[in-house]
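What follows is the residue order along each chain.
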Amino acid sequence: VQLQASGGGLVQTGGSMTLSCTAPVGIFTNYALGWVRQAPGQEREFVTGISPSGVGANYGDSVKGRFTISRDNAKAAVTLHMNGLKPDDTAIYYCAAVRSSPNYAPSSVDNYAYWGPGTQVTVSS
């Protein structure tokens, strides 16, 4: 599964940023998607996951209430809106996917089977 992420860059504390990820249209609706991040010297951290249907979504504790994931199956795209960004959000963000049932939403790093190239998000203090 080829995943292509876009977005990322530099933002100040308290700012917002949007990441997007696309996958081949023919398989998109059969896969749960989401994001995992990794800061320098740290383990990968689950950020969020959304079900193939878009009905269910899960978030890591550190981003709940600040990040929102959504998907547009017609456009084969998933979007992560990040608000209230903090320096601790600085990391490489990876789009990830797993083939799943319609209403299954990943809730941990280990739930994912496929990974795209990462995109850097840097939050300055």
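Residues numbered from 1 in each chain as written. Predicted model: local features only at pLDDT ≥ 70, side-chain atom pairs only at ≥ 80, totals over all residues. Heavy atoms only, no water.

Caption draft 1: Here's a closer look at the environment of L80. With respect to the helices, strands and loops of the structure, L80 is situated in strand β8 (residues 77-82). Along the primary structure L80 and C95 are separated by 15 residues, whereas in three dimensions their C-alpha atoms are 9.8 Å apart. Not counting residues within four places of it along the chain, the set of residues in contact with L80 comprises M17, T18, L19, W35, V47, T48, F67, T68 and I69. (Helix = DSSP H or I, 4+ residues; strand = E, 2+ residues; numbered from the N terminus. Contact = heavy atoms within 4.5 Å.)

Caption draft 2: Summary view of the packing of aromatic side chains. Tallied over the full model, the rule gives 3 aromatic pairs. Their ring planes at 20° and their centres at 6.4 Å tell us that F46 and Y112 sit as a pair that is stacked. Taken together, the residues span a long stretch of sequence, with F46 in strand β5 (residues 45-50) and Y112 in the loop between β9 (91-99) and β10 (114-115) at a distance of 66 residues. Under the relative-accessibility criterion, F46 is labelled buried at 10%. Ring geometry for Y112 and W115: centres 6.1 Å apart, planes at 65°, overall edge-to-face. Among the residues examined, Y112 registers a relative accessible area of 7% and is labelled buried. You can call W115 partly exposed: its relative accessible area is 31%. The ring of W115 has R44 sitting right over it, with the charged end atom 4.7 Å from the ring centre. (Phe/Tyr/Trp six-rings, centres within 6.5 Å; stacked < 30°, edge-to-face > 60°. Buried < 20%, exposed > 50% of the residue type's maximum accessible area, 1.4 Å probe, protein only. Lys NZ or Arg CZ within 6 Å of the ring centre and 35° of its normal.)

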